[in-house]
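Tertiary structure, described
Residues per chain are reported as follows:
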Amino acid sequence: MVHWSETLRTSLSRRQVLKGLALAGGALLAACAPGRETTPTPAVGGTPSAGMSFEGVEVNVITFTGPQIAEPLQRRAPDFQKLTGAKVNVITVPFADLYQKILTDITTGTNSYHVLVFSPQWMADFVEPGYLEDLTPRIEADSALEWDDIAPFFRNFSATYGGRIYTIPLDGDFQMAYYRTDLLEAEGLEPPQTWEDYLSIAEHFHGKDLNGDGVPDFGSGIAKKRGAQSYWMFWSIAAQFLQSQGTQQGSFFDTETMEPLTNNEAFARALEIYKETGTYGPPDELNWDVGDSRSAFVTGRCALTVDWGDIGTLAIDPEQSKVKDKVGAIILPGTRQVLDRQSGKLVDCDQTTCPHAIDGVNHAPYAAYGGWSGAINKAAPEQVKAAGYAFLSYMSQPAQANVDVTIGRTGFNPYRISQFKNLDLWIKAGMSEQAAKNYLGAIEASLNSPNMVLDLRIPGTQRYQGVVLDTVLSRFLAGELTVEQAMEELTQGWNEITDELGRDKQLQAYRASLSIR
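Scope of this entry: the structure provided in the associated data block. Every chain begins its residue count from 1, and numbering advances along the sequence as written. Two thresholds apply to this predicted model, a pLDDT of at least 70 for residue-level local features and 80 or more for giving and counting side-chain atom pairs, whereas whole-chain, interface and lining totals are computed over all residues. Processing note: side-chain calculations cover all non-hydrogen atoms of the structure and skip hydrogens and water entirely.

Quick notes on the packing of helix H11 (residues 265-277) against helix H20 (residues 483-501)
- Direction vectors running N to C along H11 and H20 enclose 120°, while the axes themselves pass 10 Å from each other. Relative to H20, H11 is oriented oblique. For H11 against H20, the interelement crossing comes out right-handed. Within the contact between the two elements, H11 uses Phe-267, Ala-268, Leu-271 and Glu-272 and H20 uses Val-483, Ala-486, Met-487 and Leu-490. Axis geometry follows a simple rule: fit a line to the C-alpha atoms, using only the stretch in contact for helices, then measure angles between N-to-C directions, giving values from 0 to 180 degrees. By definition, any uninterrupted DSSP run of H or I lasting at least four residues is a helix, any uninterrupted run of E lasting at least two residues is a strand, and each is numbered from the N terminus. Under this scheme an angle from 65 to 115 degrees is roughly perpendicular, one under 35 degrees roughly parallel, and one over 145 degrees roughly antiparallel; angles in between are oblique. In this scheme, a crossing is called left-handed if the near helix is turned counterclockwise away from the far one by less than a right angle; it is called right-handed if the turn is clockwise. Only heavy atoms matter for contacts: two residues are in contact if any of them lie within 4.5 Å across the pair.

The structure is reproduced here in structure tokens:
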């Protein structure tokens, strides 16, 4: 694995292959000067309101019900109140309800939520009608936020819509695969390069006692619960087959017709792999969300899993981990065959079909979700908006954020350049130097890939993924739908949404999200 600091010196020349948003995804470190140092200094935001007292002001923040995400907001709110006088109330709801709770609160004029910590994927549905405050002028005046220290991918995907900034990133999200280094080394096995490798390793370890408690364990453990995170886990498999020409090719729709890429040999193979992982998982895996899969992996019950960056820090949590210094992280497993979009068939990787392949394997690292980010309800009172912005700035500033991303229970993953450069942050948190290099190296390999897959971010994203895709996958895993029926139902459902919202409008939005002109 190439060391992160070595990549810093060369990434700019290698990654000038995409423009706009897509460029940011492939050039995470291009804007980073190698000699730059970040000195954490707690502040409350360099906006005109920074020096003002917020005594008596209450800010209601809505976000996801834990075990992660709400924790750092709740833990730091009292400190922020001591600094500014503003009382921050953190309201949590189940993830499946978060989008609708926010939308209903705003559209009915209730506006009881002032700060929204949510998915940047949903910005199109909230920015277009004018529900979110444009944060651009506040951020431009906020030196304490150290905006340029936030990696370009997260500044431009998680925070920006239509050239204006609407959210402050608090987290950096994309998916990787994790494996037990001790188990693979003992058996002389290499980490999985393809999804076929993943299945083979999972089968090898399934049913064996992996943590020494005398109970048979599992080869794989992946969150597959309906109404939770399963559709992101599935797309980490599907993306490898669907996108091979680089970020601007996209993985969800044809960029000329807006036809879903969901009814072809490649998608069928992804569904088959997804279902087969369950053969080597726990019997109740269909009820697992990420809290369950993370707990199982860090307590030593699974040989492999797929997740965001959380596993890396949870693995060093002394209160629950039994796998400290026994965890490896890698770019998502890829495939040696990819979709030919003209024929709908699988074709072998070569220099033409898979120009970014590594050792003949197409890897398409998936920027799932985009990272939890904070926005301001435009309808909130001015003083509340000022206090809400100051709280988000405070949470994202290096003094707080560079600590929070190293704590597994926060659910926050690295998103600032300083968080990648400074190994001491991770070693101080409890990682060995080797583990820190491995973890950050896997992040580097993913974010520097010219074939990074951008998550869907168009009007109706929640319906496409959180309703139709989620429902189809759930029924497929439950045996209610065959592969062919699942593909037909999903394709029909997505086309209905597209036609309802306007095919030309949706196509334009999809192309814009990929920086296609």
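Here we look at the pairing of strand S3 (residues 115-118)
- With a 1.4 Å probe rolled over the protein chains alone, any residue whose accessible area is under 20% of its type maximum counts as buried; one over 50% counts as exposed, and the rest are partly exposed. Burial along S3 is two-sided: the face carrying Val-115 and Val-117 and the face carrying Leu-116 and Phe-118 are both buried.
- Where strand S1 (residues 58-64) lies against S3, 2 bridges are found, and the strand directions are parallel. Paired with Val-61 across the two strands is Val-115, which belongs to S3. The criterion for strand pairing is that DSSP finds at least two bridges linking the strands in question.

Brief notes about the packing of helix H10 (residues 230-242) against H11
- Contact geometry for H10 and H11: axes closest at 9 Å, N-to-C directions at 135°. In terms of orientation, H10 lies oblique with respect to H11. Judged by the twist between their axes, the crossing of H10 over H11 is right-handed. Between H10, through Ser-230, Phe-234, Trp-235, Ile-237, Ala-238, Phe-241 and Leu-242, and H11, the contact on the second element is made entirely by Ala-266, Phe-267, Arg-269, Ala-270, Leu-271, Ile-273 and Tyr-274.

Considering the environment of Met-395
- Secondary-structure assignment places Met-395 in helix H14 (residues 382-396).
- Of the residues examined, Met-395 reaches a relative accessible area of 2% and is grouped as buried.
- Put simply, Met-395 and Pro-169 are 226 residues apart on the chain and 9.5 Å apart in space, counted from C-alpha to C-alpha.
- In this view, Met-395 contacts Pro-72, Leu-73, Arg-76, Leu-170, Gln-400, Ala-401, Asp-404, Phe-412 and Tyr-415; residues no more than four positions away in its chain are not counted.

A closer look at the sheet that holds strand S7 (residues 176-180)
- Taken in spatial order, the 4 strands line up as S8-S9-S7-S10 in an open sheet, and their pairing is mixed. Every other strand in the sheet has two partners, leaving strand S8 (218-220) and strand S10 (327-330) as the edge strands with one partner each. Shown here is a sheet whose adjacent strand axes are inclined to one another by a mean of 25°, direction ignored.
- When S7 meets strand S9 (residues 302-307), the two strands line up antiparallel, connected through 4 bridges. By the bridge assignment for S9, Met-176 is matched with Asp-307.
- Each of S8 and S9 touches helix H9 (residues 195-205); the most contacted strand, S9, lies at about 145° to it.

Thoughts on the sheet that holds strand S6 (residues 168-169)
- The 5 strands are arranged S2-S1-S3-S14-S6 in an open sheet whose pairing can be described as mixed. Here the strands that pair on one side only, and so sit at the sheet edges, are strand S2 (87-93) and S6.
- Across 2 bridges, S6 lies against strand S14 (residues 373-376) in antiparallel orientation. Its bridge partner being in S14, Pro-169 is matched across the sheet by Ser-373.
- The strands that helix H4 (residues 95-107) touches are S1, S2 and S3; relative to S1, the one it contacts most, it runs at about 140°.
- Contacts from H14 reach S1, S2, S3, S6 and S14 within the one sheet, and its direction differs from that of S14 by about 165°.

Some points on the packing of aromatic side chains
- Stacked, tilted and edge-to-face pairs are distinguished by plane angle, under 30 degrees for stacked and over 60 for edge-to-face with tilted covering the rest, among Phe, Tyr and Trp rings (Trp via its six-membered ring) whose centres lie within 6.5 Å. Enumeration over the complete set of coordinates arrives at 31 aromatic pairs.
- Pairing Phe-118 with Trp-122 gives two aromatic rings, centres 6.2 Å apart and planes at 80°, and the pair type is edge-to-face.
- Its relative accessible area of 2% is what places Trp-122 among the buried residues.
- Taken together, a centroid distance of 5.4 Å and an interplanar angle of 75° make the contact between Phe-253 and Tyr-510 edge-to-face. Taken together, the positions of Phe-253 in the loop between H10 and H11 and Tyr-510 in helix H21 (residues 503-513) put the pair 257 residues apart, joining distant regions of the chain.
- On the basis of relative accessible area, Phe-253 is assigned to the buried category, the value being 0%.
- An aromatic cluster is present here, built from Phe-64, Phe-95, Tyr-99, Phe-118, Trp-122, Phe-126, Tyr-131, Tyr-231, Trp-232, Trp-308, Tyr-369 and Trp-372 joined pairwise through their rings.

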